[in-house]
Number of protein chains: 2
Amino acid sequence: MARRGTSDDLPANGAPVSMADLARELGVSTTTISRALSDHHSIGPATKQKVLKLAKKLNYQPNHLAAALRRGQSRLLGVVVPYIEGRFFASVVHGIEQAATKAGYSVIICQSSEDVVQERRNIDTLLGAQVAGLLVSLARGTHDFRHFDKVRKRGTPLVFFDRTPAAEAVNAVVLNDRAGGYISTQHLLAQGCQRVAHIAGPPHMTIYQGRRQGYLDALADAGRPADAALVVDADMTQEDGERAMRALLALPAPPDAVFAAGDSALLGALQVLKAAGRRVPADVALAGFSNEGFTLITEPRLTSVDQHCEEMGQAAVRMLLELVADPGRASAQRQVVLQPELMVRESSLRGPAGA
Amino acid sequence: MARRGTSDDLPANGAPVSMADLARELGVSTTTISRALSDHHSIGPATKQKVLKLAKKLNYQPNHLAAALRRGQSRLLGVVVPYIEGRFFASVVHGIEQAATKAGYSVIICQSSEDVVQERRNIDTLLGAQVAGLLVSLARGTHDFRHFDKVRKRGTPLVFFDRTPAAEAVNAVVLNDRAGGYISTQHLLAQGCQRVAHIAGPPHMTIYQGRRQGYLDALADAGRPADAALVVDADMTQEDGERAMRALLALPAPPDAVFAAGDSALLGALQVLKAAGRRVPADVALAGFSNEGFTLITEPRLTSVDQHCEEMGQAAVRMLLELVADPGRASAQRQVVLQPELMVRESSLRGPAGA
DNA sequence: TTGTACGCGTTATCAA
DNA sequence: TTGATAACGCGTACAA
């Protein structure tokens, strides 16, 4: 491949135009080109216009790789999520993309598949890609956080969202899960339910701790005793929900309402109730968490807590970019807490509007 | 920030270890280091071991940015999808990630939100990030393909998947949509349905052309006349499905089966049928396309065509990496066609197993 | 306001 | 088998 000479010839083939090409063409230095393109102050308006015009004409495209190497900092953000199917993470990722793109950053997304080992690999991959910052939502099984020490040691800004390490001082954007559990339970009580059960998530995860606490607080504030038998630990799959619901139905005094910490589990519960001939919401009222798309498809439609997913993604990017811009502040922990919103549907409505 | 001197001191702070550091420490040249690390042939086994050992000890991490700049080629793949919610694209992306990671590449994902303008921006962003190759599934409204000329001119390998440009010679991984339409329709006919309707997608998109053709072929092969009134054009949202189904019900001779080119549209159809008091599948049998998660939630559950999404993603990456490795072959168009699979469920079963 | 010179970390080429 | 040297494209002290 013949490289072009030192005189004023231009890349004839599809080869990208560099600053040096522009400089040669205009008979100025690359410094001048650089300054014109990056809106530097010490540059004459005339030269600047000339450069910009030629850049446009020759369709100059900056080489971000070179700039990144120079600055020791790419324009890439790394994202690690447990998975991407379902409404919640897909929407958060969408929010992240929007905010990042607007700020001139691109986004690399990795899925840990709820696996700590994969999560570690993801982190390595992303650090290897020289990302400017990291956005992470933990895998279910992550108890050991040593892989994040690398990140801190390296000085790469790090923001957690939704699923954060318990009892660690970190930068994070989270939902007020406690409030979500509270309003759901309160709503079920307001519908006249006497025995509200809770299908709870893995106790070591902060989000499920919050939802559980909100449930308990709502009962307490309403002057109802908390019955330990009405709280069932489960993972949050549909099958777990089925198991949990069967256990609740087998109680001497079964519940007349269920608040599940996840919609998939609630879906399982609904199907068990239907199979058992219980009417929803007349016999058992239901409320879930995440406002998944399928809550509008079931019969009856499911009441659920919306988490404002896209906002969460945007807020996380905003926080991350502040840290990127000002690495000095990276040590001071920051938290943003978003408020949940209850979407009331037929599965919990016992009033005249009930099914 | 004091930079370390030229003698044998090492980065004390969190600064990354470079090849130069290793070279200094061992008293060899960076060339040797490079060769040892990249498994080059002309290197002594002894030196190689020494280098690898020290690299491990000092936790050397290669700077991909620098390598990419030097080679003019990053280890990033760019992906453009219309959206990421729902089973199909989420799974394809998962397949892409798996295959890419295994080959040592990372993936940048962009959503066009079914918008050509955004799609163009995505392409620019990805080219700007110096991706080694591009994987694209077109937005619904993309008729003009000029933004891909840039890609070709630049020599960046490009593979389309699922939604490809009509009548353009391109590299692509697609489903045999015609076969999908065929087996669905054939199945409905085999269930004894007499008047099979089709809710068809936008006629300019290749995937919907295929599904429509498969439907027509199955009718023809069964010796049934095609009734133009039974084919309704629609977009593929739930609302479009509802509208289409209402139109079909209003016919003088309504259908007793519907094959929809997308599951969301089929969901809309199902709801209209239920509201109209029609029994599914007894009065009207249903079959859809994409095997979305919610096909297992509806009552009855929906028969649908599975597209082997993850395989599609993996196949696309495989093809792309072949082009990356051998840019000479980039001009010869290649196509991979995957076979669909019909998932039969209650919505189409009229036999003894029917609802 | 403009230009010169150098370095970011890696790899390809050529010479020893 | 190893090393010296240059180059990838950009940005920035420093000098003019």
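Residues numbered from 1 in each chain as written. Chains lettered and ligands numbered in written order. Predicted model: local features only at pLDDT ≥ 70, side-chain atom pairs only at ≥ 80, totals over all residues. Heavy atoms only, no water.

Caption draft 1: Representation of the protein's contact with DNA strand C in the model. Lining the immediate surroundings of DNA strand C are 23 residues, of which Thr31 and Thr32 of chain A together with Met19, Tyr60 and Arg70 of chain B lie closest. Close to the protein, within 4 Å, the atoms of DNA strand C belong to sugar or phosphate groups at a rate of 57%. Taking Gly44 of chain A, its main chain carries an N or O atom lying 2.8 Å from a phosphate oxygen of DNA strand C. Take Ala66 of chain B: an N or O atom from its main chain is 3.5 Å from a base nitrogen of DNA strand C. Where the surface near DNA strand C is concerned, the elements lending two or more residues are α2 (30-37) and α4 (64-71) of chain A together with α2 (30-37) and α4 (64-71) of chain B. Partitioning the surface near DNA strand C into residue classes produces eight nonpolar, 11 polar and four charged. (Near = heavy atom within 4 Å. Polar contact = N/O pair within 3.5 Å; in protein donor to acceptor, adjacent residues only side chain to side chain. Helix = DSSP H or I, 4+ residues; strand = E, 2+ residues; numbered from the N terminus. Nonpolar A, V, L, I, M, F, W, Y, C, P; charged D, E, K, R; others polar.)

Caption draft 2: A look at the interface of chain A and chain B. Taken together, the contacts link 36 residues of chain A with 36 residues of chain B. Together, the buried faces of chain A and chain B total about 3300 Å²; carbon and sulfur atoms form 57% of this surface. Counting the surface chain A buries against chain B, the share from its top three residues, Leu65, Leu69 and Ile297 of chain A, is 19%. The closest approach of N and O atoms between Lys274 of chain B and Glu299 of chain A, which form a salt bridge, is 2.4 Å. Inspection of the region where chain A meets chain B yields 10 residue pairs in polar contact (both at pLDDT 80 or more). Going through the elements one at a time, α4, α5 (87-102), β2 (106-111), α6 (116-128) and α11 (263-275) of chain A are the ones with two or more residues in the side of chain A that touches chain B. The class makeup of the residues in the side of chain A that touches chain B is 16 nonpolar, 14 polar and six charged. (Contact = heavy atoms within 4.5 Å. Buried area = accessible area lost by both parts, 1.4 Å probe. Salt bridge = Lys/Arg side-chain N within 4 Å of Asp/Glu carboxyl O.)

Caption draft 3: Inspection of the protein's contact with DNA strand D at higher detail. Close to DNA strand D lie 22 residues, the nearest being Met19, Tyr60 and Arg70 of chain A together with Thr32 and Gly44 of chain B. If you look at DNA strand D and keep only atoms within 4 Å of the protein, 54% of those are sugar or phosphate atoms. A distance of 3.0 Å separates a base nitrogen of DNA strand D from a polar atom in the side chain of Thr31 of chain B. For DNA strand D, a phosphate oxygen lies 2.7 Å from a polar atom in the backbone of Gly44 of chain B. Those elements that provide at least two residues to the surface near DNA strand D are α2 and α4 of chain A together with α2 and α4 of chain B. Class assignment of the residues belonging to the surface near DNA strand D gives a composition of eight nonpolar, 10 polar and four charged.

Caption draft 4: Summary view of the relation of the copies chain A and chain B. Of the two same-sequence chains, chain A is brought onto chain B (RMSD 0.2 Å, axial shift 0.1 Å) by a rotation of 180°. Each copy turns onto its partner about a two-fold axis. Within chain A, the C-alpha atom positioned nearest to the axis of rotation is that of Ile108 of chain A, 2.4 Å from it. Taken together, the interface assignments show that 97% of the residues at the interface of chain A recur at the interface of chain B, consistent with an identical surface on both copies. (Least-squares fit on C-alpha atoms with pLDDT ≥ 70 in both.)

Caption draft 5: Seen up close, the sheet that holds strand β7 (residues 231-233) of chain A. All names here are of chain A. Reading across the sheet, the six strands line up as β7-β6-β8-β9-β10-β12 and stay open at both edges, with mixed pairing between neighbours. Taken across any chain shown, the strands that pair with only one partner, and hence form the sheet edges, are β7 and β12 (341-343). Mean inter-strand twist for the sheet, computed between neighbouring axes without regard to direction, equals 20°. One ladder, built from three bridges, connects strand β10 (residues 303-306) with β12; its direction is antiparallel. Bridge assignment links Ser304 to a residue of β12, and that residue is Met343. Relative to the sheet, helix α9 (residues 206-221) contacts β6 (196-200), β7, β8 (257-260) and β9 (285-289), its axis offset from that of β6 by approximately 170°. On top of the sheet, helix α10 (residues 238-249) reaches β6, β7 and β8; it is set at about 150° to β6, its chief contact. (Pairing = 2+ DSSP bridges. Axes fitted to C-alpha atoms, helices over the stretch in contact; angles between N-to-C directions.)

Caption draft 6: The arrangement of the nonpolar core in detail. If you look at the biggest cluster of nonpolar residues, it comprises 147 residues, and the most contacted ones within it are Phe161 and Ile199 of chain A together with Phe161 and Ile199 of chain B. Ignoring anything within four residues of it in the chain, the contact list for Phe161 of chain B reads Val79, Val80, Val81, Phe89, Val92, Ile96, Leu135, Val136, Ser137, Val173, Met312 and Ala316 of chain B. Judged by nonpolar contacts, the second largest core, of 40 residues, contains Ile123 and Val136 of chain A together with Val80 and Val136 of chain B. (Core = buried A, V, L, I, M, F, W, Y, C linked by side-chain atoms within 4.5 Å. Buried < 20%, exposed > 50% of the residue type's maximum accessible area, 1.4 Å probe, protein only.)

Caption draft 7: How the structure looks around helix α7 (residues 147-154) of chain A. Residues and elements named next belong to chain A. Residues of α7 that are buried: His147, Phe148 and Val151. When α7 is viewed along its axis, its buried side chains cluster within an angular range of 100° and face the same direction. Of the residues flanking the end of α7, it is Gly155, one or two places downstream, whose phi is positive at about 85°. (Arc of directions from axis to C-beta.)

Caption draft 8: Representation of the domain arrangement of chain A within the structure. Looking at the assigned domains, one finds that chain A contains domain 1 (7-62), domain 2 (74-173 + 309-337) and domain 3 (177-307 + 342-354). Between the C-alpha centres of domain 1 of chain A and domain 3 of chain A the distance comes to 63 Å. (Domains from an automatic or database assignment.)

Caption draft 9: Representation of the packing of aromatic side chains within the structure. Taken as a whole and assessed by the stated rule, the structure comprises eight aromatic pairs over all chains. Seen from their ring centres, Phe259 of chain A and Phe289 of chain A are 6.3 Å apart, and the 50° between their planes marks the pair as tilted. Note that Phe259 of chain A is positioned in strand β8 and Phe289 of chain A in strand β9, a separation of 30 residues in sequence. Relative accessible area serves as the criterion here: at 0%, Phe259 of chain A is assigned to the buried category. On the basis of relative accessible area, Phe289 of chain A is assigned to the buried category, the value being 0%. The interplanar angle of 80° and the centroid separation of 5.3 Å between the aromatic rings of Tyr83 of chain B and Phe89 of chain B together place this pair among those described as edge-to-face. Judged by relative accessible area, Tyr83 of chain B falls into the partly exposed class, the value being 33%. The exposure class of Phe89 of chain B is buried, given its relative accessible area of 2%. A network of ring pairs unites the aromatic residues Tyr83, Phe88 and Phe89 of chain A as a single cluster. Geometry around Tyr105 of chain A places Arg75 of chain A over its ring, the cationic atom sitting 4.4 Å from the centre. (Phe/Tyr/Trp six-rings, centres within 6.5 Å; stacked < 30°, edge-to-face > 60°. Lys NZ or Arg CZ within 6 Å of the ring centre and 35° of its normal.)

Caption draft 10: Local environment of the pattern of salt bridges. The tally for this structure, following the rule as stated, stands at 34 salt bridges over all chains. Its salt-bridge partner being Asp227 of chain B, residue Arg195 of chain B comes within 3.2 Å of it at the nearest N-O pair. Here the residue Arg195 of chain B occupies a position in the loop between α8 (177-190) and β6 (196-200), and Asp227 of chain B occupies one in the loop between α9 (206-221) and β7 (231-233), the gap between them amounting to 32 residues. Accessibility expressed as a relative area gives 26% for Arg195 of chain B, which makes it partly exposed. Relative accessible area serves as the criterion here: at 29%, Asp227 of chain B is assigned to the partly exposed category. As a salt-bridge pair, Glu346 of chain B and Arg301 of chain B come within 3.1 Å of each other at their nearest N and O atoms. Taken together, the residues span a long stretch of sequence, with Glu346 of chain B in the segment after β12 (341-343) and Arg301 of chain B in the loop between β9 (285-289) and β10 (303-306) at a distance of 45 residues. On the basis of relative accessibility, which here comes to 25%, the residue Glu346 of chain B falls in the partly exposed class. Bridged by salt links that share partners, the residues Glu114, Arg140, Arg163 and Asp235 of chain A form one connected network.

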